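In case you want the letters, here they are:
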Amino acid sequence: MYDVLKSNWDNILSKMKNDYEITDVAFRTWIIPLSLHSIDNDTITLVFNGEAPNMAIGIIKNKYMIPLKVVIEELTGKEFNRITILEPNAVSNALEEPDIPTPSKIIQRQNEANLNPIYNFDSFIVGSNNNMAHAVALAVAEQPGTYNPLFIYGGVGLGKTHLMHAIGNYIIENNDQLKVLYTTSESFTNELIDIMRNGKKDNTDFSEFRNKYRNVDVFMIDDIQFIIGKDRTQEEFFHTFNDLYMNQKQIIITSDKPPKDFLLLEDRLKSRFSEGITVDIKSPEYETRVAILQKRAELKHYDIEDSVFEYIADNIVSNVRELEGALKKITLFASLSNSKITLPLAQDVLKDLINPDSTIEVDCNRIIEIVSEHFGISVTDLLSNKKTKNIAYTRQVCMYLCKQLTEETYAGIGKALNRKDHSTIIHGVNKIAEEIEENASTKNNIDVLIKKINPE
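Overview of the structure. Nothing here was measured: the structure is a model prediction, and the numbers come from that model.

### Quick notes on the pattern of salt bridges
Inspection of the entire model under this criterion finds 17 salt bridges. Here glutamate 191 makes a salt bridge to lysine 212, at a shortest N to O gap of 2.8 Å. Note that glutamate 191 is positioned in helix 8 (residues 185–198) and lysine 212 in helix 9 (residues 206–214), a separation of 21 residues in sequence. For lysine 212, a relative accessible area of 36% corresponds to the partly exposed category. We note a salt bridge from lysine 431 to glutamate 435, for which the minimum N-O separation is 3.0 Å. Residue lysine 431 and its partner glutamate 435 are located together in helix 20 (residues 422–438), separated by four residues, close to a single helical turn. Judged by relative accessible area, which is 29%, lysine 431 ranks as partly exposed. Salt bridges sharing common partners tie together Lys15, Asp19 and Glu74.

The following block contains the structure:
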C-alpha cells in the first residue's frame, strides 16, 4: 500500500485541491509541503517540510485532515483511521514506537487528573469562532510547554472547559510520563479555605496543598476570574503559578475575559497571564452550530431530521451548552413518547425555550445579577454597605449600565442597588463614563457586559 500511495501522492493532493476548492496560496503553504513517510496498519505518517511547522501542522489537522482522508480512501479503496504529521527533525524519533499507556491506566490517570474522558479533540467541533484556540490547544497537547501559559477566554458555554479537558486527555493517552491535574478556581479556593479553617484539627498543613498543585507537569485551572477579590487565594495562586512556570511546567488557564480586562486583579498576576499566548472562543456561527448538533446526535446514534438541527441552530445562538440542552430535551421527550424526532416535535418540545418574537427584558435586577457574576462578587455583597474597592467598583458599573440600558431614574437605580442617596448613583455613573473615555480596557469590559446583558 505504501508504494501505491507514494506513486499516487501528487494525484491525491491535486484531487484534494480541486474537490475541496483549496486556494492556490493555501495549497502551496499547507498541502504541497506534505510528503509520505510511512504506513503502519491503518495509520499513515506524513512529514511537513514547509515553514512554521508547529503552526502548519495544527492548521492542517484542523482544516484539511478530513478531506485528505476522504481523497485517499476514494483513490485507494482503503480507509485509514489515523493520519499523523511530523516535523522533519522528528522523523528519526518517530521510527521508535512510543510507550502507549494501557486503557486501564489511562482511565486511572484521567480520574486522578479530574478529567472527563468525553471531552476530547474528536468531539470538539471546529469553526471560525474557535479555530485558533483549537490549533493552539492541539499544539500544547502534542508538545506541552510550546505556549506557556496558555490562556483561553470566552463566554459561558462556548467550549473552554471542553478544550482544556481535551488537552489533558490527549496528553494522558499519548504520554505515560507526564502528570496532569485539572481543577476549578472554586475548588482551589475552597481547599485553601478548608486548610485555613481545619488544618490544625486534622493535622494538615499548607505543604500538602502546595505539593498537590506544584508537583505536576501540566496544571489546568478553569474560570480563573473567580479568584478576583480573594486576596489570600490570589497570593497562593501567584506562588503556585511561579513555581510551575520556573520549572517549565505547562499551565493552562480559562476565563470569561482576557487578562487585560481584569481590572481588579493584581498587576503581577495579570502580567504572568500575559506572558504566554492568549486565544479566545466566540459564539459559534450558524454552520458550526449545526455541525455541533449533528456531531452530538452522531455520538449518541440519534436519528434526527436535518430540519431539526437547522431549527435549533436558527433560534439558539448564544452558546454550545444551550444547544446541547435543547437537543437533550428533544431526544428525551422523543424517547419517553416513543416518537420520531421531527421538526414539529422539536417545535412543540422547545416552545417554552424558543420564541423568535420574544426579546430579553433588561431591567436593573438582570444587570445586577450579570455584573455580579462577571466580577465574581455576590449580589448580597453588592447590595450591602461594604465599601471595599472591588465591591464599590462593581457597584458603580451596575449604576452606569442601569442608566444606559434602562429607563430607570437615578432614584429607581438607587432603590434597586439598596442606595438611598441618588447623588451616589450620579457619581458612580459619571465615574465609569469618564473611565470609558480614558481607558480602552474599561470600554472593552463594558462592551462585554452589555453583550452578556442583552445578547441580541
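### Details of the sheet that holds strand 5 (residues 180–184)
The five strands are arranged 5-6-7-4-8 in an open sheet whose pairing can be described as parallel. Edge positions in the sheet fall to strand 5 and strand 8 (277–281), since each of these pairs with one other strand and no more. Between one strand axis and the next, the sheet turns through 15 degrees on average, direction left out of account. Bridging between strand 4 (residues 150–154) and strand 7 (residues 250–255) involves four bridges; their strand directions are parallel. Among the inter-strand pairings, leucine 150 is bridged to a residue of strand 7, identified as isoleucine 252. Of the strands in this sheet, strand 5 and strand 6 (218–222) are in contact with helix 8, which crosses strand 5 at around 85 degrees. Packing of helix 10 (residues 231–246) onto the sheet brings it into contact with strand 6 and strand 7, and relative to strand 7 it is tilted by some 140 degrees.

### Points about the environment of lysine 282
Among the structural elements, lysine 282 can be located in the loop between strand 8 and helix 12 (286–300). Sequence separation between lysine 282 and phenylalanine 238 is 44 residues; the distance between their C-alpha atoms is 28 Å. Discounting chain neighbours no more than four positions away, the residues touching lysine 282 are Asn129 and Leu158. For lysine 282, the side chain forms a polar contact with the side chain of aspartate 280, separated by 2.8 Å.

### Re the pairing of strand 6
With five of five residues buried, strand 6 lies mostly within the body of the structure. Burial along strand 6 is two-sided: Val218, Met220 and Asp222 facing one way and Phe219 and Ile221 facing the other are all buried. As paired strands, strand 5 and strand 6 are joined by five bridges and run parallel to one another. The residue bridging threonine 184 from the neighbouring strand is aspartate 222, located in strand 6. Sheet topology places strand 6 next to strand 7; four bridges connect them, and they run parallel. Within the sheet, the bridge partner assigned to methionine 220 lies in strand 7 and is isoleucine 252. Viewed along the sheet, the connection from strand 6 through helix 10 into strand 7 turns out right-handed.

### Examining helix 3 (residues 53–76)
Counted at 1.5 Å a residue, the expected span for helix 3 with its 24 residues is 34 Å, but the 28 Å between its end C-alpha atoms falls short. At tyrosine 64, helix 3 shows its maximal bend, which comes to roughly 65 degrees, and the proline proline 67 appears one to four places after that position. Restricting attention to buried positions, one finds in helix 3 the residues Ala56, Ile57, Gly58, Ile60, Tyr64, Met65, Pro67, Leu68, Val71 and Ile72.

### What to know about the side chain of lysine 160
The topology assignment puts lysine 160 in helix 7 (residues 160–174). Among buried Asp, Glu, Lys and Arg side chains, lysine 160 stands out as unpaired, with aspartate 223 the closest opposite charge at 5.0 Å. With near-sequence residues (within four places) excluded, lysine 160 lies in contact with Ile152, Tyr153, Gly154, Gly155, Thr254, Ser255 and Ile281.

### Describing unusual backbone geometry
Across the junction of asparagine 148 and proline 149, the peptide omega takes the value -5 degrees, indicating a cis bond. Mapped onto the elements, proline 149 comes out in the loop between helix 6 (131–142) and strand 4. Within the chain, glutamate 21 stands out as a residue other than glycine whose phi angle is a positive 50 degrees. Structurally, glutamate 21 can be placed in the loop between helix 1 (2–19) and helix 2 (24–31). Backbone geometry places asparagine 418, a non-glycine residue, at a positive phi of 65 degrees. Look at asparagine 418 and you get exposed, because its relative accessible area is 52%.

### Focus: the sheet that holds strand 3 (residues 82–86)
The three strands lie next to each other as 1-2-3, forming an open sheet whose pairing is mixed. Bordering the open sheet on either side are strand 1 (34–40) and strand 3, each of which pairs with just one other strand. Here the strands of the sheet are splayed against their neighbours by 25 degrees on average, with no regard to which way each runs. Looking at chain direction, strand 1 and strand 2 (residues 43–48) are connected through six bridges and run antiparallel. Within strand 2, the position partnered with isoleucine 39 by the bridge is isoleucine 44. Here helix 3 sits on the sheet and contacts strand 1, strand 2 and strand 3; the angle it forms with strand 3, its principal contact strand, is near 150 degrees.

Calculation criteria
Residues numbered from 1 in each chain as written. Predicted model: local features only at pLDDT ≥ 70, side-chain atom pairs only at ≥ 80, totals over all residues. Heavy atoms only, no water. Salt bridge = Lys/Arg side-chain N within 4 Å of Asp/Glu carboxyl O. Helix = DSSP H or I, 4+ residues; strand = E, 2+ residues; numbered from the N terminus. Buried < 20%, exposed > 50% of the residue type's maximum accessible area, 1.4 Å probe, protein only. Pairing = 2+ DSSP bridges. Axes fitted to C-alpha atoms, helices over the stretch in contact; angles between N-to-C directions. Contact = heavy atoms within 4.5 Å. Polar contact = N/O pair within 3.5 Å; in protein donor to acceptor, adjacent residues only side chain to side chain. Right-handed = clockwise from strand over helix to strand, strands pointing away. Expected span 1.5 Å × (residues − 1). Bend = angle between axes of the 7 residues up to and from the residue. Lys, Arg positive; Asp, Glu negative; His and termini not counted.

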